[in-house]
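Inside the fold
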Amino acid sequence: RTIKTLRDDKGGEYMSNAMEQYLKENGIRREHTVRATPQQNGMAERANRTMAEGVTCMLVEAKLPPSFWGEALATFVYVRNRLPTASLPADVTPYELAYKKKPSIAHLRVFGCRAYVLVQKDQRKSLEPHSLPCIFLVTLTDTRAGGATTLLPGRSLSREMSYSMSMNFQDSDTSQSHHLYLHR
C-alpha cells in the first residue's frame, strides 16, 4: 500500500521544502485542515494520543526521564504493529497485512528492564568485567542487535547506545535472568 494523501494542519511539522519536494516526487497529494481543529483529522489525532499515552506509561514504569521518548516510541510502535487491532479482520496484525506472515514476538523483552551487554574480549583487559549493566531500550528491526544504554556508576543515564548480539536480561517481573540471542 502507498500513501495517497497527507493531511496536516499547517502546524509546521510537515512544512519544510524537503517535505514538499518529497511529496511531489512521490505523487502524494497534500490537504490542509483548519489550524487548531484536531476534530478534522480525528483518526490521526487519536493515534497520536494513544502513542503519547503509551510512551508516557512506558517511561514512568521504566523510571526513565522524558529524554528517552524516542526509544519508547520506537518500541511502542514496534510492539503495536505486532498486535491484532479492531480495524483489521480477526487476529490479523498490521505486520501480517504488510509482510503476509505472522510476526514473531519471542524476542520481545520488557522496555527498561536491566540488561547486561557482553564486552568483547578485544575490548576489555584482564580481570575486567565481561559484561556491563544496561537498561534495555529497543529491539532493532534492521539489524540482529538490541539497543541498550549503559548504566555508569555515579553518572546520569548515557545517551550513547550500545548494540549487542548477545544480552543477558533481568525482566522486572521476575528475579531470574534470561540469556537471549537477538535475531531477526
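On a predicted model such as this, the values are computed, not experimentally measured, just so you know.

1. With respect to the overall build of the protein
Counting secondary structure elements, the protein contains four helices and eight strands. Along its sequence from the N terminus, the protein presents helices and strands in the succession β-α-β-α-α-α-β-β-β-β-β-β. Evaluated residue by residue, the protein yields a buried proportion of 31% over its 184 residues. Taking contacts inside the protein between residues at least 6 apart in sequence as the whole, the part at least 24 apart equals 39%.

2. Digging into the packing of aromatic side chains
Overall, the coordinates contain one aromatic pair when judged by the stated rule. Here Y95 and Y99 contribute two aromatic rings whose centre-to-centre distance is 4.7 Å and whose plane-to-plane angle is 40°, an arrangement assigned as tilted. One end of the pair, Y95, and the other, Y99, are both in helix α4 (residues 94-99), four residues apart, so they sit about a helical turn from each other. The residue whose ring lies beneath R82 is Y78, and the NZ or CZ to ring-centre distance is 3.7 Å.

3. Some remarks on the pattern of salt bridges
What the rule picks out here adds up to six salt bridges. For R30, the salt bridge is made with D8, and the minimal N-O distance between the two is 3.2 Å. Of the two residues, R30 sits in strand β2 (residues 29-32) while D8 sits in strand β1 (residues 5-8), which places them 22 residues apart along the sequence. Overall, the relative accessible area of 18% leaves R30 in the buried class. Close ionic contact of E53 with R49 constitutes a salt bridge, the shortest N to O distance being 2.9 Å. With E53 and R49 both in helix α2 (residues 42-62), this residue pair falls four residues apart, about one helical turn. Residues participating in the shared-partner salt-bridge network are R7, R29 and E31.

4. Section: the nonpolar core
In terms of nonpolar packing, the biggest core is built from 11 residues, these being V55, M58, L59, A62, L64, F68, A72, F76, F111, I135 and L137. Among the elements that make up this core, the one with the highest residue count is α2 (four residues).

5. Section: the pairing of β1
With burial as the criterion, only one face of β1 is covered, namely that bearing L6 and D8; the residues T5 and R7 on the opposite face remain uncovered. Bridge count between β1 and β2: four bridges; the pairing is parallel. By the bridge assignment, L6 is partnered in β2 with R30. The parallel pair β1 and β2 is bridged by helix α1 (residues 17-25), and the resulting crossover is right-handed.

The rules behind the values
Residues numbered from 1 in each chain as written. Predicted model: local features only at pLDDT ≥ 70, side-chain atom pairs only at ≥ 80, totals over all residues. Heavy atoms only, no water. Helix = DSSP H or I, 4+ residues; strand = E, 2+ residues; numbered from the N terminus. Buried < 20%, exposed > 50% of the residue type's maximum accessible area, 1.4 Å probe, protein only. Contact = heavy atoms within 4.5 Å. Phe/Tyr/Trp six-rings, centres within 6.5 Å; stacked < 30°, edge-to-face > 60°. Lys NZ or Arg CZ within 6 Å of the ring centre and 35° of its normal. Salt bridge = Lys/Arg side-chain N within 4 Å of Asp/Glu carboxyl O. Core = buried A, V, L, I, M, F, W, Y, C linked by side-chain atoms within 4.5 Å. Pairing = 2+ DSSP bridges. Right-handed = clockwise from strand over helix to strand, strands pointing away.

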